[in-house]
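Residue strings, one per chain:
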Amino acid sequence: MIKRTATVLLMTVLPFALAAPAAAAEPAQRLQRASGLWKVTPATSPFSWEICVDQAKDRLIDDDMWTNFEQECKIESQSGKGDGYTFKSSCPDAKLAGSFKGDLAKSYTLTADTSFELNGKTEVQHNVLNGTFQGACPADMAPGVKKMRGGMKMKSLYTNR
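Residues numbered from 1 in each chain as written. Predicted model: local features only at pLDDT ≥ 70, side-chain atom pairs only at ≥ 80, totals over all residues. Heavy atoms only, no water.

Description of the state of the cysteines
Under the criterion given, the structure shown has 2 disulfides. Here Cys-52 is linked by a disulfide to Cys-137, with a sulfur-sulfur distance of 2.1 Å. Residues Cys-52 and Cys-137 are joined through a disulfide that is right-handed, its torsion about the S-S bond being 110°. On the criterion of sequence distance, the pair formed by Cys-52 in strand E2 (residues 49-53) and Cys-137 in the loop between strand E7 (121-135) and strand E8 (146-148) is long-range, its members being 85 residues apart. The class of Cys-137 is partly exposed, set by a relative accessible area of 24%. Here Cys-73 is linked by a disulfide to Cys-91, with a sulfur-sulfur distance of 2.1 Å. Around the S-S axis, the bridge from Cys-73 to Cys-91 shows a dihedral of about 115° and counts as right-handed. A residue pair is termed long-range when its members are at least 10 positions apart, and Cys-73 in the loop between helix H3 (69-72) and strand E3 (74-81) and Cys-91 in strand E4 (residues 84-91) qualify at 18 residues. The connectivity of the disulfides in the chain is 1-4, 2-3, where the numbers refer to bonded cysteines in sequence order. (Disulfide = S-S within 2.5 Å. Helix = DSSP H or I, 4+ residues; strand = E, 2+ residues; numbered from the N terminus. Buried < 20%, exposed > 50% of the residue type's maximum accessible area, 1.4 Å probe, protein only.)

Right under this line is the structure:
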């Protein structure tokens, strides 16, 4: 349990692992950004990054918030209206509730609360990600590659998609 909780905490702040292929239990309204370079800035963490997006392969929640979300979690409820979308999901040892606002072409805000049990007490981790479209991807950045603040590039998230 403690290992899983630590993993959840790290994955919501530092999404470095590869995402798995999409499963049948995916949100009906999958959040997919426009193709190009996106800058993602967490409001609750100093770790920002850029990601080169291929819209057909993009999985915003999987790629930037909870690696393997579509494999591990089940959407319990969801609703969308205009430029907004909310969902509640259950995951192993945790629940993730989120809301999205934006157009996925220029900018967005993804807010999520991850709740989990730790030492018999319910803990909640609040995350806010702000994404801004930057234009075309640089020639040295293939779709799915993340460039972390400081310049380190992470392997493509799209390897298995």
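Concerning unusual backbone geometry
One non-glycine residue, Asp-93, adopts positive backbone phi at about 65°. Taking relative accessible area as the criterion, Asp-93 reaches 43% and is therefore assigned partly exposed. The phi dihedral of Asn-119 falls on the positive side, at around 55°, and the residue is not glycine. Positionally, Asn-119 belongs in the loop between strand E6 (107-118) and E7. Residue class for Asn-119 comes out exposed when judged on its relative accessible area of 72%.

Some thoughts on the pattern of salt bridges
A side chain of one charge can pair with a side chain of the opposite charge when the charged atoms of the two come close. Across all of its chains, the model carries 6 salt bridges by this definition. The residue Arg-33 makes a salt bridge to Asp-58 at a minimum N-O spacing of 2.8 Å. A residue pair is termed long-range when its members are at least 10 positions apart, and Arg-33 in the loop between helix H1 (2-13) and strand E1 (36-42) and Asp-58 in the loop between E2 and helix H2 (60-64) qualify at 25 residues. Exposure class is identical for Arg-33 and Asp-58. Each is buried. Between Asp-140 and Lys-153 there is a salt bridge, with the nearest N and O atoms lying 2.9 Å from each other. Here the residue Asp-140 occupies a position in the loop between E7 and E8, and Lys-153 occupies one in strand E9 (residues 153-154), the gap between them amounting to 13 residues. Residue Lys-153 is classed as partly exposed on the basis of its relative accessible area, which comes to 36%. One salt-bridge network, in which partners are shared between bridges, spans Arg-33, Asp-58, Asp-64 and Lys-146. (Salt bridge = Lys/Arg side-chain N within 4 Å of Asp/Glu carboxyl O.)

Description of the sheet that holds E2
Taken together, 9 strands build an open sheet; the order of strands is E3-E4-E5-E6-E7-E1-E2-E8-E9 and the sheet is antiparallel. Across the chains shown, the open sheet's two edge strands, defined by having one partner strand only, are E3 and E9. Here E6 pairs with E7 via 12 bridges, running antiparallel. Bridge pairing in E7 links Thr-111 to Val-128. (Pairing = 2+ DSSP bridges.)

Focus: the packing of aromatic side chains
Inspection of every chain in the model, using the stated rule, returns 5 aromatic pairs. Their ring planes at 70° and their centres at 5.5 Å tell us that Trp-38 and Phe-133 sit as a pair that is edge-to-face. Placement of the pair is Trp-38 in strand E1 and Phe-133 in strand E7, with a sequence separation of 95 residues. Given the relative accessible area of 0%, Trp-38 is considered buried. Residue Phe-133 is classed as partly exposed on the basis of its relative accessible area, which comes to 29%. Grouped by ring-pair contacts, the aromatic residues Trp-38, Phe-100, Tyr-108 and Phe-133 constitute a single cluster. (Phe/Tyr/Trp six-rings, centres within 6.5 Å; stacked < 30°, edge-to-face > 60°.)

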